[in-house]
Amino acid sequence: RRRRRRRRRMWGAMRGAGGRAARAAVAAAADAAGARTGMAGGARRALWAHVPRGPEDAILGVTLAFQKDLNKNKINLGVGAYRGDDGLPYVLESVRTAERKLLDEDHPMEYLPVAGDKEFVQHALRLAYGADAVPQDAAAIQTLSGTGACRMAGALLAAFPPRGTADGGKPIVYLPTPSWANHGPIFTHAGCEVRSYRYYNAATRGLDEEGMLADLEAAPAGAAVLLHACAHNPTGVDPSSAAWSALSDVLSQRGLLALFDMAYQGFTSGDAEADAAALRLFAKRGHLVILAQSFSKNFGLYGHRVGALSVMTSSQAEADAVQSQLKILARPMYSNPPIHGVRVVNEILREAPLEARWREEMRSMAERIISVRTALRTGLERRGSPLDWSHVTSQRGMFCYSGLTPEHVDRLASEHSVYLTRNGRISMAGVTRHNVDYLADAIHAVTTA
């Protein structure tokens, strides 16, 4: 009651002869208090005015431009996710079957352990290395897809630099030129020093094997070398068996660490065993491989973030130590991984009939991509293009490094409503038997005019 009486007297004074001065005094007091708390005059102080606006993601920009285009023939060749021949997102029937089973089984939604689902991790190792060659002395955890696996690999390297790294120096990770755009930021943010080695030969639109081997022969001992296990992103250019063998020799001789990123196993050729050949070669030759796996493409589980990281070691004691440190690194980063996607993978790989159906669906996805590569190349050649388009079919996987210039890409968008990133990377998933002729007409037009 006393407080109410004081407030009435205060506001009464403000309404009186001295009201104007009193109100000014109250406002000044409020501003002074606001300045101490980051507020002034009832408005928030601009605490983040010094933060510059960052650039939009290149692929997001392609998608936004595509969505705004009203042309009924428009094509989006930027998206890095599989599409069916109708151009729509595709869910595997084996995945739907597994989901129905999971619904009937009425699973709880408790947290997974920090290292993830043990059954899934074993399935991941078996799929990667083969049922008869699962490494026994390996640390392995479930991760947030392949991105999370690479990030955890970088964190492990930064926390425990490989022997041979200069004292006090950052661990070095060599990336191919070019590589997936996210690789550089992932390893840089993890605390690694990122360097590059030659990989793509723009003149041949194939592998620069000589440059690749020369750069790695000059790399310092203890450095990690990131290798795309299959379907190199963004070029679609994979080493031959002989080139993989030569790479293995150089890494062994130089004391370099093989860090495989396997995002397209089974999706590349349709055969999961064939697509793991390079990884298995390195393991057989005694490399202590670090492997990042993604289950986004081959299972179509893009939004479920299903992945695994495994680290081969020389003893069980070493594996136990690395496993313990991976859990320590993961705990403050994301606490524990998601549960639903790994349950789907477990259901599929646990039962032979369902796994066989999944492998057939995976083969069908790969064969569709291979077929539209052939159709696009054939279409360009039939139109009398003076250019060599053989790389369209020699490259593998979801992406084609077309050789189109930024100017070609700009004209494709403005004149034909065909959208892709300005480095000329075509997502072959966006090509269908319904639009491949239109695409061939558009590419022919911008490359010959």
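Residues numbered from 1 in each chain as written. Predicted model: local features only at pLDDT ≥ 70, side-chain atom pairs only at ≥ 80, totals over all residues. Heavy atoms only, no water.

Topic: unusual backbone geometry
- Each neighbour pair has its own omega, and for Thr 177 with Pro 178 the value is 0°, a cis peptide bond.
- When you line up the elements, Pro 178 lands in the loop between strand S5 (172–177) and helix H7 (183–189).
- The linkage connecting Asn 233 with the following residue, Pro 234, adopts the cis geometry, with an omega of 20°.
- Looking at the element boundaries, Pro 234 is found in the loop between strand S9 (224–228) and helix H9 (241–254).
- Phi is positive for Ala 231, which is not a glycine, with a value near 55°.
- One can find Ala 231 in the loop between S9 and H9. (Helix = DSSP H or I, 4+ residues; strand = E, 2+ residues; numbered from the N terminus.)

Points about a nonpolar patch on the surface
- On the surface, a cluster of nonpolar side chains totalling about 370 Å² of accessible area is made up of Leu 47, Trp 48 and Val 51.
- With respect to the helices and strands, the residue Val 51 is situated in the loop between strand S2 (43–44) and helix H3 (58–68). (Patch = residues over 30% accessible without salt bridge, like charges linked within 9 Å, V, L, I, M, F, W, Y side chains within 5 Å. Areas by Shrake-Rupley, 256 points an atom, 1.4 Å probe, with all protein chains shown as cover. Salt bridge = Lys/Arg side-chain N within 4 Å of Asp/Glu carboxyl O.)

Digging into the side chain of Thr 235
- Of note, Thr 235 is situated in the loop between S9 and H9.
- Note on Thr 235: relative accessible area 0%, which makes it buried.
- Engagement of the side chain of Thr 235 in a polar contact is seen with the side chain of His 232, the distance being 2.8 Å.
- Ignoring anything within four residues of it in the chain, the contact list for Thr 235 reads Pro 178, Tyr 199, Tyr 200, Gln 395, Phe 399 and Tyr 401. (Buried < 20%, exposed > 50% of the residue type's maximum accessible area, 1.4 Å probe, protein only. Polar contact = N/O pair within 3.5 Å; in protein donor to acceptor, adjacent residues only side chain to side chain. Contact = heavy atoms within 4.5 Å.)

Here's the deal with helix H8 (residues 209–217)
- Among all positions of H8, only Gly 211, Met 212, Leu 213 and Leu 216 are buried.
- In this structure, the buried side of H8 is in contact with strand S6 (193–198), strand S8 (206–207), S9 and H9.

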